[in-house]
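What the coordinates show
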Amino acid sequence: MKKKIEELFRLAMKAQEKTSAFVSFETSNHGWGCVVMIMDDGFEVNHGYDGWYEMDMFYPDEKSEEQYQKAKEHLIRLLRKKRKVATA
């Protein structure tokens, strides 16, 4: 799972740099281990996330694998569809 988390981190960084999406990537040595949160059209107060993916890095199971796949697909979809909006 460690290599998959590293892959998601690289995709998250790329999405932050190349799109206007809000992407939060968290890791921890306690609890879930990795959470990816996404707002497709940038951060908006009182707006729910378009994607929230939790993965257990330490004891990966089928659910963690599914969440990894969904997070990866979401980030790739953002990278294919979005261009970063220039800010003033």
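Bear in mind the structure is a predicted one, so any value in this text is a computation, not a measurement.

We now examine the packing of aromatic side chains. Within this structure, the stated rule accounts for 4 aromatic pairs. With a centroid separation of 6.4 Å and 35° between ring planes, the pair formed by Phe22 and Tyr49 is classed as tilted. Of the two residues, Phe22 sits in strand S1 (residues 22–27) while Tyr49 sits in the loop between strand S2 (33–39) and strand S3 (51–56), which places them 27 residues apart along the sequence. Residue class for Phe22 comes out partly exposed when judged on its relative accessible area of 25%. On the accessibility criterion, Tyr49 (36% relative accessible area) is partly exposed. Ring pairing ties together the aromatic residues Phe22, Phe43, Tyr49 and Trp52, which thus form one cluster.

On to the pairing of S2, then. Among the 7 residues of S2, 7 are classified as buried, and the element is accordingly described as predominantly covered. Counting the residues between successive antiparallel strands, the hairpin from S1 to S2 contains 5 residues, one of them, Gly31, with a positive phi of roughly 85°.

With that settled, the discussion passes to unusual backbone geometry. Of note in this structure, Asn46 is not a glycine but carries a positive phi near 65°. Mapping Asn46 onto the fold places it in the loop between S2 and S3. A relative accessible area of 80% means that Asn46 is categorised as exposed.

Read across the open sheet, the 3 strands follow the order S1-S2-S3; overall the sheet is antiparallel. Strands at the two margins of the open sheet, each flanked by one partner only, are S1 and S3. Looking at each pair of strands side by side, their axes are set apart by 10° on average, direction ignored. Note that S1 and S2 share 6 bridges and pair antiparallel. By the bridge assignment, Thr27 is partnered in S2 with Cys34. Sheet strands in contact with helix H1 (residues 2–18) are S1, S2 and S3, and its direction is about 150° off that of S1.

Calculation notes
Residues numbered from 1 in each chain as written. Predicted model: local features only at pLDDT ≥ 70, side-chain atom pairs only at ≥ 80, totals over all residues. Heavy atoms only, no water. Phe/Tyr/Trp six-rings, centres within 6.5 Å; stacked < 30°, edge-to-face > 60°. Helix = DSSP H or I, 4+ residues; strand = E, 2+ residues; numbered from the N terminus. Buried < 20%, exposed > 50% of the residue type's maximum accessible area, 1.4 Å probe, protein only. Pairing = 2+ DSSP bridges. Axes fitted to C-alpha atoms, helices over the stretch in contact; angles between N-to-C directions. Contact = heavy atoms within 4.5 Å.

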